[in-house]
Amino acid sequence: MSADNKGPQPDESTAQESGEAVEITESGEVAEHSSDEIVEDTGGKDPERAGSTGARRNLGAILGVVLVAAALVVSAGVAGWLYFYQYRVDQQTNAAAANVALEAAKSGTVALLSYSPDTLENDFTAAKSNLTGDFLSYYTQFTEQIVTPAAKEKQVKTVAAVIRGAVSEIQPDSATVLLFINQTTTSKENPDGAFAASSVKVGLKKIDDRWLINTFDPV
């Protein structure tokens with residue numbers, strides 16, 4: 001059969017305008033497919049939409065990793081802050097730390113108020129090792145100008161003992177301690193001795209991990 005007798009040929013432009021796809025089969029017949037069928041052949045997905053969906057998934061995964069990393073960094077920062085500004089401070093102001101401050105106030109006060117005419121220089125040196133700041137300067141001047149001459153001339157001897165004490169306030173580098181003291185003083189004029197009871201508010205400052213007395217006020 002000649003080419004003229006093959007029958008009418010489909011108008012290709014008409015098929016394209018109607019949204020149909022034209023396919024030539026192996027037998028030479030013309031098969032037409034709608035655009036909906038083509039979409040079904042690709043799994044019902046627009047290739048461009050599928051690509052954008054995959055990109056969004058990849059971006060979501062990357063953002064998830066970034067957010068997890070950021071959360072870990074924040075957690076580490078919070079843990080560091082808690083250690084330095086809470087746990088560490090708690091360690092420096094807990095009952096054990098308060099007890100160290102209390103003992104420093106007691107031993108420093110006993111050294112401060114106890115001396116003998118035969119050992120004045122050693123006694124005052126020991127006392128000054130527990131002091132700091134302006135109070136150290138005041139104590140040095142007071143003992144040199146007033147206590148030493150009187151103690152040598154009148155053979156004054158004093159012995160102090162702390163009978164009770166408590167920490168009223170404590171911070172990482174400062175503390176206030178209330179002490180109750182008994183003190184006995186003897187001299188050439190009064191060999192039997194005189195007894196006195198008093199209370200003092202002792203201010204402490206931590207320097208090089210040692211509690212030192214920086215104020216000493218009778219109350």
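Residues numbered from 1 in each chain as written. Predicted model: local features only at pLDDT ≥ 70, side-chain atom pairs only at ≥ 80, totals over all residues. Heavy atoms only, no water.

Trainee: Break down helix α4 (residues 95–113) for me, with residues and values.
Mentor: For α4, which comprises 19 residues, the first-to-last C-alpha distance of 27 Å matches the rise-based estimate of 27 Å (1.5 Å per residue) to within 8%. All of the buried residues along α4 are Ala97, Ala98, Ala101, Leu102, Ala104, Ala105, Gly108, Thr109, Ala111, Leu112 and Leu113. (Helix = DSSP H or I, 4+ residues; strand = E, 2+ residues; numbered from the N terminus. Expected span 1.5 Å × (residues − 1). Buried < 20%, exposed > 50% of the residue type's maximum accessible area, 1.4 Å probe, protein only.)

Trainee: Talk me through the sheet that holds strand β5 (residues 194–207); I want residue IDs and the actual numbers.
Mentor: Taking strand neighbours across the sheet as the criterion, the four strands line up as β3-β4-β5-β6 in an open arrangement whose pairing is antiparallel. Each end of this open sheet is capped by a strand with a single partner; those strands are β3 (157–171) and β6 (210–218). If you compare each strand with its neighbour and ignore which way they point, the axes differ by 30° on average. Note that strand β4 (residues 174–186) and β5 share twelve bridges and pair antiparallel. (Pairing = 2+ DSSP bridges. Axes fitted to C-alpha atoms, helices over the stretch in contact; angles between N-to-C directions.)

Trainee: Please set out the pairing of β5 residue by residue, giving values where relevant.
Mentor: Strand direction decides the pairing type here: β5 and β6, joined by eight bridges, are antiparallel. By the bridge assignment for β6, lysine 206 is matched with tryptophan 211.

Trainee: Tell me about the pattern of salt bridges, residues and numbers included.
Mentor: When the charged atoms of two side chains with opposite charge come close together, those side chains can pair. A complete count under the given rule lists one salt bridge for this structure. For glutamate 103, the salt bridge identified is with lysine 106, shortest N-O distance 3.9 Å. Of the two residues, glutamate 103 and lysine 106 both sit in helix α4, three residues apart, roughly one turn of that helix. (Salt bridge = Lys/Arg side-chain N within 4 Å of Asp/Glu carboxyl O.)

Trainee: Residue-level account of the side chain of asparagine 130, with values.
Mentor: Summarising the element assignment, asparagine 130 is placed in the loop between α5 (120–128) and α6 (133–154). Look at asparagine 130 and you get buried, because its relative accessible area is 14%. If we skip the residues at most four places from it in the chain, asparagine 130 touches Gly108, Ala111, Arg210, Leu212 and Ile213. (Contact = heavy atoms within 4.5 Å.)

Trainee: Which residues make up the nonpolar core, and what values go with them?
Mentor: Ranked by size, the top nonpolar core spans 31 residues in total, and within it Leu179, Val202 and Leu204 carry the most contacts. Elements that contribute at least two residues to this core include exactly α4, α5, α6, β3, β4, β5 and β6. Examining the composition of this core, we find that nine residues originate from one element, α4, more than from any other. (Core = buried A, V, L, I, M, F, W, Y, C linked by side-chain atoms within 4.5 Å.)

Trainee: Tell me about the packing of aromatic side chains, and name the residues and values.
Mentor: Here the structure, examined in full by the defined rule, presents five aromatic pairs. Taken together, a centroid distance of 6.0 Å and an interplanar angle of 20° make the contact between phenylalanine 135 and phenylalanine 216 stacked. Here the residue phenylalanine 135 occupies a position in helix α6, and phenylalanine 216 occupies one in strand β6, the gap between them amounting to 81 residues. As far as burial versus exposure is concerned, phenylalanine 135 and phenylalanine 216 are alike and both buried. Plain terms: the ring middles of tyrosine 138 and phenylalanine 142 are 5.8 Å apart, the flat faces sit at 15° to each other, and that makes the pair stacked. Taken together, the residues tyrosine 138 and phenylalanine 142, both in helix α6 and four residues apart, mark about one turn of the helix. (Phe/Tyr/Trp six-rings, centres within 6.5 Å; stacked < 30°, edge-to-face > 60°.)

Trainee: Lay out the environment of threonine 186 with the relevant residues and their values.
Mentor: Relative to the helices and strands, threonine 186 resides in strand β4. Separated by 31 residues in the primary sequence, threonine 186 and glutamine 155 have C-alpha atoms spaced 7.9 Å apart. Ignoring anything within four residues of it in the chain, the contact list for threonine 186 reads Gln155, Val156, Lys157, Pro191, Asp192 and Gly193.

Trainee: Describe α6, listing the residues and the values that go with them.
Mentor: Relative to the 32 Å expected for 22 residues at 1.5 Å per residue, α6 spans 30 Å between its end C-alpha atoms, a close match to the ideal helical length. Taken as a whole, α6 carries its principal kink of about 45° at threonine 143. Among the residues of α6, Phe135, Tyr139, Thr143, Val147, Thr148 and Ala151 are the ones counted as buried. Where α6 is buried, its residues meet α4, α5 and β6. In the stretch just after α6, glutamine 155 is the one whose phi turns positive, near 55°. (Bend = angle between axes of the 7 residues up to and from the residue.)

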